[in-house]
Amino acid sequence: GGRRLVGRARPMLLAVLGGVVALAGLVAVLPLGMPEALYLLLALTAGGLAGMAFPLAVALVGGEEARAAGLLYAADLVGGCLGALATAALAVPLLGLDQTALAVALIALAGLAALW
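All values derive from a computational prediction rather than experimental measurement. (Residues numbered from 1 in each chain as written. Predicted model: local features only at pLDDT ≥ 70, side-chain atom pairs only at ≥ 80, totals over all residues. Heavy atoms only, no water.)

Asks: What am I meant to see in the overall build of the protein here?
Replies: For the protein, the count of helices and strands is four helices and zero strands. Along the protein, helices and strands appear, N-terminal first, in the series α-α-α-α. When burial is assessed residue by residue, the protein has 22% of its 116 residues classed as buried. Nonlocal contacts in the protein, meaning residues at least 24 apart in sequence, comprise 66% of its contacts between residues at least 6 apart. By element, 74% of the accessible surface of the protein is carried by carbon and sulfur atoms, the whole surface being about 7,700 Å². (Helix = DSSP H or I, 4+ residues; strand = E, 2+ residues; numbered from the N terminus. Buried < 20%, exposed > 50% of the residue type's maximum accessible area, 1.4 Å probe, protein only. Contact = heavy atoms within 4.5 Å. Areas by Shrake-Rupley, 256 points an atom, 1.4 Å probe, with all protein chains shown as cover.)

Structure (structure tokens):
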């Protein structure tokens, strides 16, 4: 049961991270004056992909599900907080939106490489 779930979760997690790379790359090449509706669509899609990654990560960790979910949720909250602070306070002001999106795409590619 559990091994089969992990076997199915890994390709799905790879697909989710691939979607993040694609979205970040798209943001990096779009003109800054893009319509707000497109930006909202990209933000909703990125949020949905991130939401899909959490249960897949719990399946990959295995073990007692409640403990794994709690640890991953805590790590997710800390990482999200630190990432938002670093992006808003450092990356976007120093690099600009397009270069920050490109950096996010490269970080997601590193995650893909680690899972491969």
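More follows now that the structure is in view.
Asks: Would you mind going over the nonpolar core with me for this structure?
Replies: One recurring pattern in soluble globular proteins is that nonpolar side chains are buried together. The biggest cluster of nonpolar side chains holds seven residues, and these are Leu13, Val16, Leu23, Leu42, Leu49, Ala53 and Leu56. Among the elements of the structure, helix 1 (2–29) and helix 2 (36–61) are those that each provide at least two residues to this core. Setting aside residues up to four positions removed in sequence, Val16 forms contacts with Leu49, Met52, Ala53 and Leu56. (Core = buried A, V, L, I, M, F, W, Y, C linked by side-chain atoms within 4.5 Å.)

Asks: Mind showing me how you'd approach helix 3 (residues 65–95) here?
Replies: An α-helical turn contains 3.6 residues, so any two residues separated by three or four positions project in the same direction. At Thr87, helix 3 shows its maximal bend, which comes to roughly 45°. In the segment just after helix 3, Gly96 is the residue with positive phi, at about 90°. (Bend = angle between axes of the 7 residues up to and from the residue.)

Asks: What exactly am I supposed to notice about the side chain of Thr100 here?
Replies: Along the polypeptide, Thr100 turns up in helix 4 (residues 97–115). Discounting chain neighbours no more than four positions away, the residues touching Thr100 are Thr87, Ala91, Val92 and Leu95.

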